[in-house]
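Coordinate inspection notes
Single-letter residue listing:
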Amino acid sequence: MLSFECDYNNGAHPKVLQHLIDTNSLTSLTYGFDEWSESARRKIREACGCPDADVYFLSGGTQANATVIDSLLTTCEAVISADTGHINVHEAGAVEASGHRVIGLPSTNGKLLPDTLQEFLQVYESDESRDHVAQPGMVYITYPTEMGTLYTAEEISQIQTICRRYDLQLFVDGARLGYGLMSPASDISLSWLARHCDAFYIGGTKVGALCGEAVVFPRGNAPKHFFSNVKRHGALLAKGRVVGVQFDALFSSSSPHPSGMTGGSLLYFTISRHAIVMAEKLKRVLSEAGIPFYMDSPTNQQFVLLPADRAHELKQRVDFTLWGPAPHDASLMICRFVTSWATTEQDIEQLRRILK
């Protein structure tokens, strides 16, 4: 079946898979101390412009979020998130299971805006009973957001300033980081992001890898015993090379892409850019079919509105996600269509024919 259901329902990018094959018969150290993981760390530090960065390879996104948050917060501290944030809606209470409350604040187009954050913290500071509640210790944002939208550089800068003012740490979930950075609407770079947060991760699972994420503490500021906490959270692979080899390939230079994009960039960004190109074509196909958009997204996730009966009918021929009823009209379903590094021109054209 034609699928626009998510960006992790394919295997690995061929170059990533080939690197796994090429290194398969070689022995190595375990738990991420192998030569390919070390090579990947060097490449990531260079790409981030952070020569002192601590880089760890974890098994998946939920594990990365739960481990970083648990490691950076003290026992009574909570993490602030947009109410639509992944840790608040799609991680089965993984953060709360480690003893840290998720404080979900109202979002605007999937974003936690600086004014919303500032207002909450002002109310918290003025509360004489504040010592009796979970203490805010971190702000969590995603880039791109769960709704495919992007924070501007100004918004992130303001959030970082607020975090410093209130002694909070800023953590950026980058499960789809490549797709965000390669969007024409993005006004930040990887190195810029590294300078404006305390920790972030580079998503591999959704961007060309079989599995795995690269957690980065840009100033060598990994918390004490982070490696042990990774293991405690079940996020440490004994065969750590499995993730390290993949990021070694993703952060190597790429050759020109078949769609005609120029080479010279890292594979991670080249294949991310391809997904954005496909998303723009997807948007045109959906628009030409007269399907309204729920909100404007400049990345690889597109949200549209369909009558419930039409949505269920289309699901018989195309795989996509039923996000839920539209808040303003329960007869309409919010439907998510997603492109990825693996989406082809043929996929887009097939959808065009089906919609006609």
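Above this text sits the structure in question.
None of these values were measured; they are calculated from a predicted model.

Summed over all chains, the structure comprises 12 salt bridges. Measuring nitrogen to oxygen at the nearest pair gives 3.1 Å for the salt bridge that ties Arg-41 to Glu-38. One end of the pair, Arg-41, and the other, Glu-38, are both in helix H2 (residues 35-48), three residues apart, so they sit about a helical turn from each other. On the basis of relative accessibility, which here comes to 9%, the residue Arg-41 falls in the buried class. Residues Lys-283 and Asp-296 are paired through a salt bridge, measuring 3.3 Å at the closest nitrogen-oxygen approach. Placement of the pair is Lys-283 in helix H12 (residues 267-288) and Asp-296 in the loop between H12 and strand E9 (301-307), with a sequence separation of 13 residues.

All told, the structure shown has 14 aromatic pairs when counted by the stated rule. When the ring of Phe-4 is compared with that of Phe-337, the centres are 6.4 Å apart and the planes differ by 50 degrees; the resulting orientation is tilted. Of this pair, Phe-4 sits in the loop between strand E1 (2-3) and helix H1 (14-23) while Phe-337 sits in strand E12 (residues 329-338), and the two are 333 residues apart along the sequence. Across the pair, exposure class does not vary: Phe-4 and Phe-337 are buried alike. An angle of 20 degrees between the planes, with centres 5.3 Å apart, marks the rings of Phe-251 and Tyr-268 as stacked. Of the two residues, Phe-251 sits in the loop between helix H11 (241-250) and H12 while Tyr-268 sits in helix H12, which places them 17 residues apart along the sequence. Tyr-268 carries the same exposure label as Phe-251, and that label is buried.

Here is what the cut-offs are and how they apply
Residues numbered from 1 in each chain as written. Predicted model: local features only at pLDDT ≥ 70, side-chain atom pairs only at ≥ 80, totals over all residues. Heavy atoms only, no water. Salt bridge = Lys/Arg side-chain N within 4 Å of Asp/Glu carboxyl O. Helix = DSSP H or I, 4+ residues; strand = E, 2+ residues; numbered from the N terminus. Buried < 20%, exposed > 50% of the residue type's maximum accessible area, 1.4 Å probe, protein only. Phe/Tyr/Trp six-rings, centres within 6.5 Å; stacked < 30°, edge-to-face > 60°.

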